[in-house]
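# Survey of secondary and tertiary structure
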Amino acid sequence: MDLSDTPREAEFRAGLRAWLAEVLPTLPPEPDPGDWPGRRAHDLGWQRMLHDAGYAGLHWPADAGGRGSTPAQHLIFLEETERAGAPYVGAGFVGLLHAGPTIAAEGTAAQRARWLPPILRGEEVWCQGFSEPGAGSDLAALRTRARRDGDDYVVSGSKIWTSHAEVADWCELLVRTDPDAPRHRGITWLAMPMDAPGVTVRPLRTLAGTAEFAEVFLDEVRVPAAYRVGEENDGWRVTMVTLSFERGTAFAGEVVACRRVLAALAAEARRTGRWDDPVLRRRLGALHAEFRALWRLIQWNVSAAQAGGAVPGASGSVFKLRYSHARQELYDAAADVLGPDSLDLGRDWTRDRLTSLSYTIAAGTSQIQYGIVAERILGLPKGR
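Presented here is a report on the structure given in the accompanying data block. For clarity, every value in this text was computed on a predicted model and none was experimentally measured.

Definitions and limits used
- Residues numbered from 1 in each chain as written.
- Predicted model: local features only at pLDDT ≥ 70, side-chain atom pairs only at ≥ 80, totals over all residues.
- Heavy atoms only, no water.
- Helix = DSSP H or I, 4+ residues; strand = E, 2+ residues; numbered from the N terminus.
- Buried < 20%, exposed > 50% of the residue type's maximum accessible area, 1.4 Å probe, protein only.
- Contact = heavy atoms within 4.5 Å.
- Areas by Shrake-Rupley, 256 points an atom, 1.4 Å probe, with all protein chains shown as cover.
- Salt bridge = Lys/Arg side-chain N within 4 Å of Asp/Glu carboxyl O.
- Expected span 1.5 Å × (residues − 1).
- Arc of directions from axis to C-beta.
- Phe/Tyr/Trp six-rings, centres within 6.5 Å; stacked < 30°, edge-to-face > 60°.
- Lys NZ or Arg CZ within 6 Å of the ring centre and 35° of its normal.
- Core = buried A, V, L, I, M, F, W, Y, C linked by side-chain atoms within 4.5 Å.
- Pairing = 2+ DSSP bridges.

### Section: the overall build of the protein chain
Helix and strand counts for the protein chain come out as 11 helices and eight strands. The burial tally for the protein chain puts 51% of its 384 residues in the buried class. For the protein chain, long-range pairs separated by at least 24 residues make up 71% of all intrachain contacts whose partners lie at least 6 apart in sequence. Total accessible area on the protein chain is roughly 17800 Å²; 54% of this is exposed by carbon and sulfur atoms.

Written out as structure tokens, the structure reads:
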């Protein structure tokens, strides 16, 4: 298999590198990790720069406002922006990587016209209202209710681990619209404005000391029926589209980041003399091979998604399963190299290690991914 750039891809890479070299020195300093209004402004400012330069929604379909670029160009973009140290999607990740692609795949023409351009231009932030106190990995157990009242749904309940809720304009919200239906039926996907009366947000502080998650309480919140994506009671199927994006391609940039972290870790080991330990060298070498293999899997997933209609398949669970554990192994190795310094919460290494602990839970636990792989890829009987 020839994985080298074609002339067209090489031209795209060179143009992107030149643009990054020109604009990155002009960016303001990154805000403090706890300053979410500042981080929102910073992240959306970067997204606007990408939009104005023609790099926003690179892999989105042209009829959804994207450029309809090839999978190879999408991956080149991820490689080059990460290697250059460019900002990641940050506060915009739910809109850009989850809600936006879902609306592009499942929304009406009016919904696509209303929500997709502001996401690409860096004007609106989305959060994800899926998990509940009693419905995390078992998402079908959700209890937040929505009853139809004329042209609106009236929503009551609560959500937890709602990413960036405190700075979000919209929420991709799962509600139960038919309490008598079987668990995986009677669920509906709504787009809820976060400034609607009856919405209360309470930030949650993580182990790393940041508050990117929140509890959201919904008290008789009125959401127009026109904000429903997909049919009523068909929300579970729409949700599987959302989760396939989350598990299949949303972590692509992070794999490139992990490869950069691994290179920095090897340099740190050489500086401190830890590189002389053959056990550590083998450990870092194995991680190097792991992340190279994960990058190849991303290339396959992105290509397969585009060929099959732009929605990643169950192979995204294979990637998410292995990536979650590899990331934890990477930061365990970092703790070994850094020694006592790995306990310093003021260092990025430490914060990232603490964050890595959540990856086998976030976006579907590893146990959920094992089940998907067993049933949808290996063809094993469905668990009881």
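### Details of the pattern of salt bridges
Summed over the entire model, instances satisfying the criterion amount to 24 salt bridges. Here Arg40 ties to Asp169 by a salt bridge, and the two come within 3.0 Å at their closest N and O atoms. Linking Arg40 in helix α2 (residues 36-53) with Asp169 in the loop between β3 (152-159) and β4 (170-176), this pair joins segments that are 129 residues apart in sequence. Owing to a relative accessible area of 24%, Asp169 belongs among the partly exposed residues under this scheme. The residue Arg274 makes a salt bridge to Asp336 at a minimum N-O spacing of 3.1 Å. Note that Arg274 is positioned in the loop between α7 (252-272) and α8 (278-307) and Asp336 in helix α9 (residues 315-338), a separation of 62 residues in sequence. Note on Arg274: relative accessible area 22%, which makes it partly exposed. Among the ionic contacts, a cluster of salt bridges with common partners joins Arg13, Arg17, Glu79, Glu80 and Arg83.

### Considering helix α1 (residues 7-23)
For α1, built from 17 residues, the straight-helix expectation of 24 Å at 1.5 Å per residue is met to within 8% by its first-to-last C-alpha distance of 25 Å. Buried residues of α1: Glu9, Phe12, Arg13, Leu16, Trp19, Leu20 and Val23, and no others. Buried residues of α1, viewed axially, fall in a sector of 130 degrees; they line one side. Exposed residues on α1 whose side chains face more than 90 degrees from its buried face are Pro7, Glu11, Ala21 and Glu22. Looking at the buried side of α1, the elements it contacts are α2 and α3 (71-83).

### Topic: the packing of aromatic side chains
Under the defined criterion, the tally for this structure stands at 10 aromatic pairs. When the centroid spacing of 6.2 Å and the interplanar angle of 25 degrees are considered together, the rings of Tyr55 and Phe77 count as stacked. One end of the pair, Tyr55, is in the loop between α2 and α3; the other, Phe77, is in helix α3, and 22 residues separate them in sequence. By relative accessible area, Tyr55 is classed as buried at 10%. Seen in terms of ring centroids, Trp126 and Trp170 are 5.9 Å apart; in terms of plane orientation they differ by 20 degrees. Their pairing is stacked. Taken together, the residues span a long stretch of sequence, with Trp126 in strand β1 (residues 126-129) and Trp170 in strand β4 at a distance of 44 residues. Within the aromatic cluster, the residues linked to one another by ring pairs are Phe12, Trp19, Trp46, Tyr55 and Phe77. The ring of Trp36 has Arg39 lying over it, and the distance from NZ or CZ to the ring centre is 3.9 Å. Note that Arg270 overlies the ring of Trp275, its terminal NZ or CZ placed 4.2 Å from the centroid.

### Comments concerning the nonpolar core
Ranked by internal contacts, the top residues of the largest apolar core, which has 39 residues, are Trp19, Trp46, Tyr55, Val255, Leu284, Phe291 and Leu330. Breaking this core down by element, the ones donating at least two residues are α1, α2, α3, α7, α8 and α9. A per-element tally of this core places α7 first, with nine residues. In this structure Trp19 touches Trp46, Met49, Leu50, Ala53 and Tyr55, once residues within four positions along its chain are discounted. One finds Trp60, Val89, Ile103 and Trp115 within the second-largest nonpolar core, a separate group that totals 28 residues.

### Looking at the pairing of strand β5 (residues 187-193)
Note on strand geometry: in a regular strand, side chains alternate between the two faces of the sheet. The buried count for β5 comes to seven of seven residues, which makes it a mostly enclosed element. Both faces of β5 are covered, namely the face carrying Ile187, Trp189, Ala191 and Pro193 and the face carrying Thr188, Leu190 and Met192. For β4 and β5, the ladder comprises seven bridges, and the chain directions are antiparallel. In the strand pairing of β5, Arg176 is matched with Ile187. In this sheet, strand β8 (residues 228-229) lies alongside β5 in antiparallel orientation, the contact comprising two bridges. Counted as the bridge partner of Trp189 is Val229 from β8.

### Let's talk about the environment of Glu79
Mapping Glu79 onto the fold places it in helix α3. Residues Glu79 and Ala252, 173 residues apart in the sequence, show an inter-C-alpha distance of 9.1 Å. Leaving out residues up to four positions away in the same chain, Glu79 has contacts with Arg13, Val256 and Trp295.

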